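Next come the chains, spelled out residue by residue.
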Amino acid sequence: MTAQLNPRGDVAVLVPAAGAGVRLGPGGPKALRLLGGEPLLAHAVRRVAAAPSVRVIVVAAPPADTQAVRELLAPIAAVTVVSGGASRQESVAAALAAVPDGPEIILVHDAARALTPTGLVESVAAAIRSGEDAAIPVLPVVDTIKEVTADGAVLGTVDRSALRAVQTPQGFRRAVLAAAHAAAVDPLTDDAGLVEKQGVRVACVPGSEYALKITRPFDLALAEHLLHAAPAAGQP
Ligand code: CTP
Ligand code: MG
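First, a word on scope: everything that follows refers to the structure included in this document. (Residues numbered from 1 in each chain as written. Chains lettered and ligands numbered in written order. Predicted model: local features only at pLDDT ≥ 70, side-chain atom pairs only at ≥ 80, totals over all residues. Heavy atoms only, no water.)

A few words now on the pattern of salt bridges. Evaluation of the coordinates by the stated rule reveals 7 salt bridges. The residue R88 makes a salt bridge to D110 at a minimum N-O spacing of 2.9 Å. Here R88, found in helix α3 (residues 88-96), pairs with D110, found in the loop between β6 (105-108) and α4 (118-129); they are 22 residues apart in sequence, far enough to count as distant. (Salt bridge = Lys/Arg side-chain N within 4 Å of Asp/Glu carboxyl O. Helix = DSSP H or I, 4+ residues; strand = E, 2+ residues; numbered from the N terminus.)

Quick look at the structure:
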């Protein structure tokens, strides 16, 4: 069913989906790999589109697949599809450039986090609405973390109590994200890293285990098992 985006919503969501999925192994671009018979990107966009604050969704697709992605997403929601770049950061920049005037909150959300609950989209947006310039979903680190040398010997044990694993969607006041991208030099793996370099405070909100990033074959197998337990689109 096609979700109606809220024309009075204050949020635009950028979905970088142009990666090759090298770590997942052969089988085409990761965003188009199947989970429960449907591409990861379709799962991710359906959950985002059900968030009541969302007015605009821009997907950065693999350049060779933009038309296929438009056709895939048309029945799900009114989504703008642009060609992604050679790095995640370039894909996010291409999507950001396509956001029309209006939404003042921008969320950046990996297509690879296919089972991210709609409620997490709303809670990150709410943190920006309440006055934060940037907000990210995080989980505590459960494993003991060691620092090691290049040849694999332990240097020491890191105090994990101050560490957090970071997810998406990451939220930003629009001008803050635009300024950080304009000033970016080295590619980073997330957008909060860019705004941190600008000296902007980044707030943390509780993440969700369902927002796991599907990276390796094990993660895809895990997501298959989680599919029926994960909150459906529109659920918290
Ligand atoms: N991404 C993108 N453009 C790129 C690289 C990555 O839009 N040039 C997107 C991916 O499609 C994914 C998100 O950024 O939704 C997070 O990246 P990652 O999990 O690393 O995905 P891939 O780059 O596809 O995987 P890999 O690094 O294993 O190739
Ligand atoms: Mg990658």
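Here the narrative resumes.
With that settled, consider the nonpolar core. Within the largest apolar cluster, 33 residues are counted, with the highest numbers of intra-cluster contacts made by L41, V54, I57 and V59. Of all the secondary structure elements, the ones that give two or more residues to this core are β1 (11-16), α1 (40-49), β4 (54-61), α2 (66-73), β6, α4 and β12 (203-206). Residues in contact with I57, not counting those within four places in the same chain, are L5, V13, V15, V45, V48, A49, V79 and T80. Among the nonpolar cores identified, the runner-up in size contains 22 residues, and V56, A60, V176 and A180 belong to it. (Core = buried A, V, L, I, M, F, W, Y, C linked by side-chain atoms within 4.5 Å. Buried < 20%, exposed > 50% of the residue type's maximum accessible area, 1.4 Å probe, protein only. Contact = heavy atoms within 4.5 Å.)

Moving on to the site of ligand 1. The environment of ligand 1 is formed by 18 residues, the closest being V22, R23, K30, S91 and K213. Separating an oxygen atom of ligand 1 from a backbone N or O atom of G21 is a distance of 2.9 Å. Within the contact set of ligand 1, a nitrogen atom lies 3.3 Å away from a backbone nitrogen or oxygen of A86. Protein coverage of the free-state accessible area of ligand 1, which is 560 Å², stands at 87%. Here the shell around ligand 1 is composed, by residue class, of 8 nonpolar, 5 polar and 5 charged. (Near = heavy atom within 4 Å. Polar contact = N/O pair within 3.5 Å; in protein donor to acceptor, adjacent residues only side chain to side chain. Areas by Shrake-Rupley, 256 points an atom, 1.4 Å probe, with all protein chains shown as cover. Nonpolar A, V, L, I, M, F, W, Y, C, P; charged D, E, K, R; others polar.)

Of note, G119 is situated in helix α4. Here the alpha-carbon distance between G119 and L220, two residues 101 residues apart in the chain, equals 22 Å.

Now for the packing of α3 against helix α5 (residues 174-183). Running from N to C, α3 and α5 point in directions that differ by 130 degrees, and their axes come no closer than 11 Å. Judged by the inter-axis angle, α3 sits oblique to α5. Where α3 crosses over α5, the two elements pack in a sense that is left-handed. Every residue of α5 that contacts α3 at Q89, V92, A93 and L96 is listed here: L177, A178 and H181. (Axes fitted to C-alpha atoms, helices over the stretch in contact; angles between N-to-C directions. Parallel < 35°, antiparallel > 145°, perpendicular 65-115°, else oblique. Left-handed = near helix turned anticlockwise from the far one by under 90°.)

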